[in-house]
Amino acid sequence: MTLRRLREQAGLTQEQLAHAAGLSPRAVRALERSERRQPYRHTVEALAKALSLTSMERTELLAAVPTRGVRHELPVAPTRLIGRGAELRAIVDSFGASRTRLVTLTGPGGAGKTRLALDAAQELAPYLRDGAVFVSLAELREPALVLPAIAHSLGLREGGTRPLREVLHDYLAHRQMLIVLDNLEHLLPAAAALASLLASAPRLGVLATSRSPLRIRGEQVHPVLPLDLGAAVELFAERTRQSATDLSAAEMPVVAEICRRLDGLPLAIELAAARMRVLPASALLARLEQTLADAGEGARDLPERQQSLRDTLDWSHKLLGPAEQTMFRRLGIFSGGWTLEAAAAVAQMDDATTLTLHERLLGSSLINREADDGGVRFSVLGTIRSYAREKLEASGEMHDVESCHTLYYQDLALVGMTDLYGPAQPRWLEQLEREHDNLRAALRRMLDREQFDELADMCVALYLFWLIRDHFVEGEGWANKALEHDHGSLGAGASAKLLLVGAGTLYARGRYDEAAVKYDRAAKLARGSGDSQILAWVILMRGYIAVWQGHPEGAGALLDEAGSLGRQLEDKFVLAHVCVVRAQAAIALGQVIEGDRILTEGLVGDPEIDPWTMAVKLTINGFAAVLLGDYSRAEQLLQDSATILGQLQNTSVLLWVLTLLALTSVERSAPQRAARLLGATEAVVERTGASIPPIFDQLSARGYARTLDRLGPDAFGEFREQGRQLPLHVVATQP
């Protein structure tokens, strides 16, 4: 409706507006009818320019027609919000009329802070040019990881020489958006970093949930109070209806008494309502009263409302059978969810029993079921997980269950190396991403227990995952922490592995000199320990560095040794990359046809090559085709590489590809696309300090100059700015 009003106000027909904006009349009609809900940002900008809008009108249009590419999906609650209308309006008004930029929802666990924050974000998002993003912090244990968690939720990737903190500040500096930070109470030392973030981004809003205020300037605290009795009863009744149980009129006074006993805490009410499947309301009340009597009148150090939730959890726990209680407390060890297979291994129960107990715990609303592309997973609310861990600690089983958890995820990483380095790589990357919180927990435990050999093995197993998914700080952090914690018990083999991982993250960011130092130390230690696998990887990477640093003549001997080791080990990954580096070295020495031949003949049609290696191979093949002037072939090779890298969710190598695609585009009479590609890559490099290998510099400069010449300064600037607003994977797929 907004677009139509502005068009009519300008005295234009749909056809006239479409012509002025460079769109089709059909596209304008679709936008006005809300049939096309998320156009690209540059489309909306073109409409604003064609309509000659004022700054205020342009802002109105951007808010009314949300763009794709910079907006993020918020989790969708499966049920309606009950009894929180006034609080919801107050929060929304805080960000609107009051112009508050930091709102913290406080209250005890189970008060409904997360649910209220999500609904507020859903209300606010349509009016924010760049939408809203939800960041769950429940599984983090280090305040220093809060900013990286925000960055990854925004789709930002680590790369280059710039600290991620700077990248995040720059990204948010001119964006109008809301960030929801959920479960911040255990990470309060991060408040200073959040204050700095808000100071650098004047149109950013933060909505936090925490049991305690952040206590930084400009914070507006909204206590989330218990539901009043009417809303509490309504919530209880709705949850019982969802479990196919109807309350009779005679039961309503009993339900009201249950809600009073539970102090109107939503989580406590939901747990109680779940029991209506097996017990009538009167029996529920009797059991609850017994629990309260058992608690006695002695000193209790929890606030009154948290006592109510604690009483409810105690009551729910007592209603479980012995086997259910055992499974429940052992599930408290997981971080970020789990599968049935993981639960069986960690709880040390057979598959059938594990499934049965999960069904019972689901029926009690103590755990949740989640479905995604990887199959069925389970999760638990943070408050309930903390309670389960208390029970686990009290049982005396904590150490053993922790060990089972560590062993399971260590095995998961080690066994998965075969898939990570083969055709099943995309599926395995997704699984490792889903399990990242559990993997972190296992690594932390190994570090605390000084299990350096196991930690080194696990870091090597996750090495390629960290590189492909741009988790550079993550990989480098674990490797460096282990090396720093060593008190003489770290052997040569483990040290070589940790140095390999640390060097790899430096190499991926273009810090070749620093990486070379670590690789050389790793090679010496690997030779001393007799670890041929690690030595092969290290020598291979030194070959890569020789080429990227402009010394291709020095790569030959390194590649001969890496190739020899690869053949001895029958390591297809090493041998494939030896082929890639040989081709790169030949190209760098001016033997472009030879380099192209090496790649085409050496890696053609091998079904066992992993997608990552194939993408790198296609990139260098495309590079050779560009140098040979075969732009049609280069376009196809590079586009195939970009497609793979998009599926793998990689940024670092995709930057190289898009740099080359820009040149092929302008040479094939698509200068507008070339300008968008240049703008997109330029924006990422500026934000992250990401490195484009020097070997591409000359071609990048040539593409830039030719695109500028074909379009002229004004058009070039316009299309380049469009590209700067788009994520790499989006601009890579645009014609």
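The following refers to the structure shown.

Definitions and limits used
Residues numbered from 1 in each chain as written. Predicted model: local features only at pLDDT ≥ 70, side-chain atom pairs only at ≥ 80, totals over all residues. Heavy atoms only, no water. Helix = DSSP H or I, 4+ residues; strand = E, 2+ residues; numbered from the N terminus. Buried < 20%, exposed > 50% of the residue type's maximum accessible area, 1.4 Å probe, protein only. Phe/Tyr/Trp six-rings, centres within 6.5 Å; stacked < 30°, edge-to-face > 60°. Lys NZ or Arg CZ within 6 Å of the ring centre and 35° of its normal. Axes fitted to C-alpha atoms, helices over the stretch in contact; angles between N-to-C directions. Parallel < 35°, antiparallel > 145°, perpendicular 65-115°, else oblique. Left-handed = near helix turned anticlockwise from the far one by under 90°. Contact = heavy atoms within 4.5 Å. Nonpolar A, V, L, I, M, F, W, Y, C, P; charged D, E, K, R; others polar. Pairing = 2+ DSSP bridges. Right-handed = clockwise from strand over helix to strand, strands pointing away.

**A closer look at the environment of Arg 241**
Argument step 1. Summarising the element assignment, Arg 241 is placed in helix 11 (residues 229-242).
Argument step 2. When its relative accessible area of 47% is taken as the criterion, Arg 241 is described as partly exposed.
Argument step 3. Separated by 36 residues in the primary sequence, Arg 241 and Arg 277 have C-alpha atoms spaced 10.0 Å apart.

**Section: the packing of aromatic side chains**
Aromatic rings considered in pairs are described by the distance between their centres and by the relative angle of their planes.
Argument step 1. A full pass over the atoms with the stated rule returns 11 aromatic pairs.
Argument step 2. Between the aromatic rings of Trp 548 and Trp 656, the centroid separation amounts to 5.2 Å while the plane-to-plane angle is 75°, which identifies the pairing as edge-to-face. Highlighted residues: Trp 548 in helix 28 (residues 532-548) and Trp 656 in helix 34 (residues 652-667), separated in sequence by 108 residues. As far as the burial class goes, Trp 548 and Trp 656 line up, both buried.
Argument step 3. For the ring pair Tyr 704 and Phe 716, a centre distance of 5.1 Å and an interplane angle of 75° mean the geometry is edge-to-face. Within this pair, whereas Tyr 704 is found in helix 36 (residues 697-711), its partner Phe 716 is found in helix 37 (residues 713-724), the two being separated by 12 residues in sequence.
Argument step 4. Here the aromatic residues Phe 334, Trp 338, Phe 378, Tyr 408 and Tyr 409 are joined through ring pairs into a cluster of three or more.
Argument step 5. Just above the ring of Tyr 171 sits the side chain of Arg 175; from NZ or CZ to the centre is 3.7 Å.
Argument step 6. Directly above the ring of Trp 478 sits Lys 481, whose terminal nitrogen or CZ lies 4.9 Å from the centroid.

**Quick notes on helix 16 (residues 322-331)**
Since the α-helix packs 3.6 residues into each turn, any two residues three or four apart lie on the same face.
Argument step 1. Counting buried positions over the 10 residues of helix 16 gives eight, a clear majority of the element.
Argument step 2. Every buried residue of helix 16 is listed here: Glu 324, Gln 325, Thr 326, Met 327, Phe 328, Arg 329, Arg 330 and Leu 331.

**Let's talk about the packing of helix 28 against helix 30 (residues 572-588)**
Argument step 1. Packing of helix 28 against helix 30 leaves a shortest axis separation of 10 Å and a crossing angle of 15°. The orientation of helix 28 relative to helix 30 falls into the category roughly parallel. Note that helix 28 runs across helix 30; the crossing there is left-handed. Note on element contacts: helix 30 touches helix 28 through Phe 573, Val 574, His 577, Val 578, Val 580, Val 581, Gln 584 and Ala 585, opposite Gln 533, Ala 536, Trp 537, Leu 540, Gly 543, Tyr 544, Val 547 and Trp 548.
Argument step 2. Class assignment for the residues of the contact of helix 28 with helix 30 results in 12 nonpolar, four polar and no charged.

**Describing the sheet that holds strand 1 (residues 102-106)**
Argument step 1. Taken in spatial order, the five strands make up an open sheet running 2-3-4-1-5, and their pairing is parallel. The sheet is open, and its two borders are formed by strand 2 (132-136) and strand 5 (219-223), each paired with just one other strand. Each adjacent strand pair in this sheet contributes to an overall mean axis angle of 20°, direction not counted.

**Here we look at the pairing of strand 4 (residues 204-209)**
Moving residue by residue along a regular strand, the side chains alternate between the two faces of the sheet.
Argument step 1. Taken across its six residues, strand 4 has six buried, putting it largely inside the fold.
Argument step 2. Every second residue of strand 4 is oriented toward a common face, with Leu 204, Val 206 and Ala 208 on one face and Gly 205, Leu 207 and Thr 209 on the other, all of them buried.
Argument step 3. The sheet contact formed by strand 3 (residues 177-182) and strand 4 spans five bridges and is parallel. Bridge pairing in strand 4 links Ile 179 to Val 206.
Argument step 4. With helix 10 (residues 191-200) bridging strand 3 and the parallel strand 4, this β-α-β connection has right-handed handedness.

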